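Observations on the three-dimensional arrangement
Residues per chain, in single letters:
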Amino acid sequence: MRQEYLVPAQDFSVAGVASSNLKRLLKQLNINPFTIKRIMVAVFEAEVNVIAHSYGGRIVCDLEEEEITIQVIDTGPGIPNLDLAMTEGWSTASEQVRELGYGAGMGLPNIKKNCDHLTIQTKAGEHTHITMLFCLKEGE
Amino acid sequence: MKLKDILACVDGVLVCGESHLEDEVKRGFASDLMSDVLTILEDDILLITGLSNNQAIRTAEMSDISNILLVRNKKPSQTMIDMANELNIALAYTSYSLFKTSGLLFAQGLKPVY
Ligand SMILES: Nc1ncnc2c1ncn2[C@@H]1O[C@H](COP(=O)(O)OP(=O)(O)O)[C@@H](O)[C@H]1O
Ligand SMILES: [Mg+2]
């Protein structure tokens, strides 16, 4: 089953709405609560990044029996130095973003911690495409 | 510690979520940074924060946090209250600072997450 959620740029009034809709769906599918929490933390951080740092994008979820793949695809401007961006505490977030409680530079490292497999395709001047994989079977 | 005892300890005012008053809260976590909160995967925690905006409620929702205590007399907006009600989250506030609130609750035996 595939689900898509749109994420607009800069509009913090809807930050978390896409994640919230996804969470409702995951709960209906009877996925264990701890797995849901890991998925939601990762997806929410990625959603906030799209709003805070990009020109907007979408979240595409593929839900299967044994795994969930979630892609977060924006329309740019890309991340010039991914190693730096993955460093805890590194952030280019604006003052406005910080006042809202984000911009601690913990998002990408925390996304990595919570998914079973993460790939990030990005380049300065192009889009950022994050693919997160979550295994649903115990012990994997 | 029960939520009702937590509120009594810091002169807290419950704004919504009366059904949570008997909730057993295991640990407390104090931060104004939502990304910090999102690193906590433990269950049954109290979020103590000076960040009184919709983002605090959203973050609690994602982390399965059902008890939020706002400090520095930051009374929640109607939107926050509506969101908390819909998500079944208890929302309270106290006039005490983050430091004083945390110190009092710690002294009363509320455990830290780490
Ligand atoms: N989707 C994105 N598009 C462009 N830049 C991004 C994106 N996501 C993250 N970044 C960059 O990586 C940095 C680190 O991201 P993150 O770890 O989530 O921390 P924060 O969002 O708190 O700054 C951001 O400050 C930003 O410079
Ligand atoms: Mg971020």
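Now for a description of the structure that goes with this document. Only a predicted model underlies this, so the values are computations on that prediction, with no experimental measurement involved. (Residues numbered from 1 in each chain as written. Chains lettered and ligands numbered in written order. Predicted model: local features only at pLDDT ≥ 70, side-chain atom pairs only at ≥ 80, totals over all residues. Heavy atoms only, no water.)

With respect to the sheet that holds strand 5 (residues 90-93) of chain B
All names here are of chain B. What the six strands build is an open sheet, ordered 1-5-4-3-2-6; its pairing is mixed. Of all strands in the sheet, those bounded by a partner on one side alone are strand 1 (13-16) and strand 6 (111-112). Lying on the sheet, helix 4 (residues 78-86) is in contact with strand 1, strand 4 (67-70) and strand 5; it crosses strand 1 at an angle near 75°. Those strands touched by helix 5 (residues 98-107) are strand 2 (27-30), strand 3 (45-49), strand 4 and strand 6, and its axis lies near 155° from that of strand 3. (Pairing = 2+ DSSP bridges. Helix = DSSP H or I, 4+ residues; strand = E, 2+ residues; numbered from the N terminus. Contact = heavy atoms within 4.5 Å. Axes fitted to C-alpha atoms, helices over the stretch in contact; angles between N-to-C directions.)

Re the side chain of R58 of chain B
Residue position: R58 of chain B is located in helix 3 (residues 54-62). Assessed through its relative accessible area of 13%, R58 of chain B is described here as buried. Polar side-chain contacts of R58 of chain B include one of 3.4 Å to the side chain of S20 of chain A. A polar contact of 2.8 Å, which involves the side chain of R58 of chain B, links it to the side chain of E61 of chain B. Leave out the neighbours within four places in its chain, and R58 of chain B touches A15, G16, V17, S20 and F44 of chain A together with M83 and L87 of chain B. (Buried < 20%, exposed > 50% of the residue type's maximum accessible area, 1.4 Å probe, protein only. Polar contact = N/O pair within 3.5 Å; in protein donor to acceptor, adjacent residues only side chain to side chain.)

Brief notes about the interface of chain B and chain A
Taken residue by residue, the interface counts 19 residues in chain B and 23 residues in chain A. Carbon and sulfur atoms make up 55% of the surface buried where chain B meets chain A, a total of about 1,900 Å² over both sides. Broken down residue by residue, the surface that chain B buries against chain A is led by L41, Q55 and M62 of chain B, which jointly contribute 35%. Taken together, the links from chain B to chain A amount to two salt bridges. With a closest N to O distance of 2.5 Å, D64 of chain B and K23 of chain A form a salt bridge. Seen at the junction of chain B and chain A, the total is 13 residue pairs in polar contact (both at pLDDT 80 or more). Secondary structure elements with two or more residues in the side of chain B that touches chain A: helix 2 (34-37) and helix 3 of chain B. It is helix 3 of chain B that provides the largest number of residues to the side of chain B that touches chain A, a total of five residues. (Buried area = accessible area lost by both parts, 1.4 Å probe. Salt bridge = Lys/Arg side-chain N within 4 Å of Asp/Glu carboxyl O.)

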